[in-house]
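# A look at the structure
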Amino acid sequence: MCIRDRFCLLPSVPMEEESGPRQSVSKQVSKVFELMVEPPMIPLMAQMFISGVILAFYSGFFSRLIATALDTTNEADKNWEVASVFIVLGIGEVITGYLIGRAADSVDKLFLTNISNLATEAAFIFSILILFTKNVTYAFVAAFFWGFSDNSIQTMITAFISKDWNGMLEAFALYRIVQSAGACMGFILAAVLAESSPFIFIFIMIPFQLLANFAVAYQRKEQKAALNGYQGIREDL
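Residues numbered from 1 in each chain as written. Predicted model: local features only at pLDDT ≥ 70, side-chain atom pairs only at ≥ 80, totals over all residues. Heavy atoms only, no water.

### Points about the overall build of the protein
Broken down by element type, the protein carries 9 helices and 0 strands. Within the protein, the fraction of its 237 residues that count as buried is 36%. Restricting the contact set of the protein to residue pairs at least 6 apart, pairs at least 24 apart contribute 78%. Working note: accessible area of the protein is about 14,000 Å², and carbon and sulfur atoms make up 65% of it. (Helix = DSSP H or I, 4+ residues; strand = E, 2+ residues; numbered from the N terminus. Buried < 20%, exposed > 50% of the residue type's maximum accessible area, 1.4 Å probe, protein only. Contact = heavy atoms within 4.5 Å. Areas by Shrake-Rupley, 256 points an atom, 1.4 Å probe, with all protein chains shown as cover.)

### Remarks on the packing of aromatic side chains
One pass over the full model with this rule turns up 15 aromatic pairs. Look at Phe-57 and Phe-201: their rings are 5.8 Å apart centre to centre, the planes differ by 35 degrees, and that puts the pair in the tilted class. Of the two residues, Phe-57 is situated in helix H3 (residues 41-60) and Phe-201 in helix H9 (residues 198-236); the sequence distance between them amounts to 144 residues. Across the pair, Phe-201 and Phe-57 agree in class, each one buried. (Phe/Tyr/Trp six-rings, centres within 6.5 Å; stacked < 30°, edge-to-face > 60°.)

### As for the side chain of Thr-96
Looking at the secondary structure, you find Thr-96 in helix H5 (residues 75-103). Look past the residues within four positions of Thr-96 in its chain and what remains in contact with it is Gly-101, Gly-147, Phe-148, Asn-151 and Ser-152.

### A look at the nonpolar core
With 47 residues, the main nonpolar core has Met-41, Met-48, Phe-57, Phe-62 and Trp-146 as its most contacted residues. The set of elements that each furnish at least two residues to this core consists of helix H2 (25-36), H3, helix H4 (62-67), H5, helix H6 (109-133), helix H7 (136-164), helix H8 (169-192) and H9. Among the elements that line this core, the one with the most residues is H3, at 10 residues. Dropping the residues within four chain positions of it, Met-48 is found in contact with Met-41, Ile-157, Ile-161, Ala-171, Leu-174, Tyr-175, Val-178 and Gln-179. (Core = buried A, V, L, I, M, F, W, Y, C linked by side-chain atoms within 4.5 Å.)

### Some remarks on unusual backbone geometry
Even without glycine at this site, Lys-134 takes up a positive phi of about 60 degrees. With respect to the helices, strands and loops of the structure, Lys-134 is situated in the loop between H6 and H7. One non-glycine residue, Asn-166, lies in positive phi territory at about 55 degrees. With respect to the element layout, Asn-166 can be found in the loop between H7 and H8.

Written as structure tokens, this is what we have:
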């Protein structure tokens, strides 16, 4: 009661009013669709999509893959092993959040995005090794890389939007739409292929990761072209 009464005595803080006219929902939706066809946004959308695929992979499929490497029939032991692997995945998320979060402001964003893509590829490789070797150790390594790639790619997408699109609300909305589409596709495939070999699901997912790599290569090419154009203008001056 005493604490509550003290808070009641605090002065009220006036809320700041939003500056500028508020846009209608239809106008905001149209802006989202306009962003989808902007050339600089298209390669970034590939990263958005693969972030959804990654989410679907470790959320809806990875536990099944881990189970193939366990040699115990005890459900309690299986659950403990799977939980331990996902703890490592969470550790990968935390470490990445600290490292990539600190580096995003000072290191080239495309370089960091390449690291994210390499982590995803390493996660796919170790996931395949789980399938063929039945060694649970690879599950822990794959889990770390899945956590690393998941957090790093989402951090870099946010960094691109914040800098190149000034944190535009519609750009973040597009991010969630495309990411959800990737996750939805992944969950549907995991359900449809539930009775098939896990390798089929992995094989289908890998081309989307290759698409993300091509997107980064395209962004790098455009970045170099813009830099060369800028240097040419300076020389003319």
